[in-house]
Amino acid sequence: MTHPARFDDNPAYAHRYLIALGVILGAVMELIDTSIVNVALSDMSANLGVTIDEITWVVVGYILSAVIVLPMTGWLAAYFGRRRYFLASVTIFTVSSFFCGTAGSLGALVFWRLMQGVGGGALIATAQAILFDAFPPHQKTVAAAIFGLGMIVGPAIGPTLGGIIGILATVRFVHEPEDIRTANRAQAELMRRNLDWQGIVCMSVGLA
């Protein structure tokens, strides 16, 4: 039986709690954003001069793009690497959040909500994968508990602050071991050759 101290001294796990903070904040943003605008739909409708039916596209647009991205998350993470894919997703989400806040028309707001969904659709799944890789085997339950706690208390932090901290923590502390990167590249190449582009297009059109 492998002694836990062997893993505690491993440099690969040295920053596991900082990594947990970064990826949880990123995941919390997606959790918040699935419902954050619901309480303000009537105010946005009045401010933009559109009907309630039209303003609901602010909600539907986000969910639609997130649902389209979610099934491709595993392949995208394998192809680009979890770290880079997670970092890109958080960046897209955070930048889109800023432009959503400054949008002056319904079209602009819906567009940036769609972009938010592109970035946010993969955050929870990718965050969990990175988190569990950052903890040694005997602390997987600790990682799961930390993630669950973050999902409960995280919404109080706010998506913009979470995005900034998540980006900084990911850049500084998240690194994929070379053997995992090599395995992911081989898997991604195999998936790329067999990727069902017609299926992805049909799924996107069908959901829309």
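Residues numbered from 1 in each chain as written. Predicted model: local features only at pLDDT ≥ 70, side-chain atom pairs only at ≥ 80, totals over all residues. Heavy atoms only, no water.

## What about the overall build of the protein chain?
Looking only at helices and strands, the protein chain features 13 helices and 0 strands. Counting only residues that meet the buried cut, the protein chain has 40% of its 208 residues in that class. Long-range contacts, defined as pairs at least 24 residues apart, comprise 79% of the intrachain contacts of the protein chain with a sequence gap of at least 6. Accessible surface for the protein chain amounts to roughly 11100 Å². Of this, 67% is attributable to carbon and sulfur atoms. (Helix = DSSP H or I, 4+ residues; strand = E, 2+ residues; numbered from the N terminus. Buried < 20%, exposed > 50% of the residue type's maximum accessible area, 1.4 Å probe, protein only. Contact = heavy atoms within 4.5 Å. Areas by Shrake-Rupley, 256 points an atom, 1.4 Å probe, with all protein chains shown as cover.)

## Observations concerning the environment of H15
If you trace the backbone, H15 turns up in the loop between helix 1 (4-8) and helix 2 (16-33). The class for H15 is partly exposed, based on a relative accessible area of 34%. Sequence separation of H15 and F135 is 120 residues, and the distance between their C-alpha atoms is 9.1 Å.

## Details of the nonpolar core
Counting residues in hydrophobic clusters, the biggest one holds 24 residues, and the most contacted among them are I19, V23, F86, L131 and F147. It is helix 2 that provides the largest number of residues to this core, a total of 8 residues. Once residues lying within four places of it in the same chain are set aside, the contact partners of F147 are I24, A27, I124, A127, Q128 and L131. Core analysis: the second largest hydrophobic core is formed by 11 residues, M44, I55, L109 and V110 among them. (Core = buried A, V, L, I, M, F, W, Y, C linked by side-chain atoms within 4.5 Å.)

## As for the environment of A20
Summarising the element assignment, A20 is placed in helix 2. Residues A20 and T170, spaced 150 residues apart in sequence, show a C-alpha to C-alpha distance of 9.6 Å. For A20, the contacting residues outside a window of four places in its chain are L131, F135 and I146.

## Quick word on the side chain of S65
Summarising the element assignment, S65 is placed in helix 5 (residues 57-69). Within polar-contact distance, the side chain of S65 engages the backbone oxygen of L114 at 2.9 Å. Not counting residues within four places of it along the chain, the set of residues in contact with S65 comprises R113, L114, G117 and V118. (Polar contact = N/O pair within 3.5 Å; in protein donor to acceptor, adjacent residues only side chain to side chain.)

## Some remarks on the confidence of the model for the protein chain
Per-residue pLDDT for the protein chain has a mean of 79; in total, 79% of the residues score no lower than 70. Mean pLDDT values for the elements of the protein chain range from 56 in helix 1 up to 91 in helix 8 (residues 106-120). (pLDDT = per-residue confidence, 0-100.)

## Concerning the pattern of salt bridges
Counted by the stated rule, this structure contains 1 salt bridge. The shortest N-O distance in the salt bridge between D133 and R82 comes to 2.1 Å. Placement of D133 in helix 9 (residues 123-134) and of R82 in helix 7 (residues 82-102) is noted, with a sequence separation of 51 residues between them. Residue classification places D133 among the partly exposed residues on the basis of a relative accessible area of 40%. Overall, R82 belongs to the partly exposed group, its relative accessible area being 24%. (Salt bridge = Lys/Arg side-chain N within 4 Å of Asp/Glu carboxyl O.)

## Regarding helix 8
A rise of 1.5 Å per residue sets the reference length of helix 8, with its 15 residues, at 21 Å; its end C-alpha atoms lie 20 Å apart and thus fit the reference within 8%. Taken residue by residue, helix 8 has L106, L109, V110, R113, Q116, G117, G119 and G120 as its buried positions. Summarising the contacts, the buried residues of helix 8 are in contact with helix 2, helix 3 (41-48), helix 4 (52-55), helix 5, helix 7 and helix 9. (Expected span 1.5 Å × (residues − 1).)

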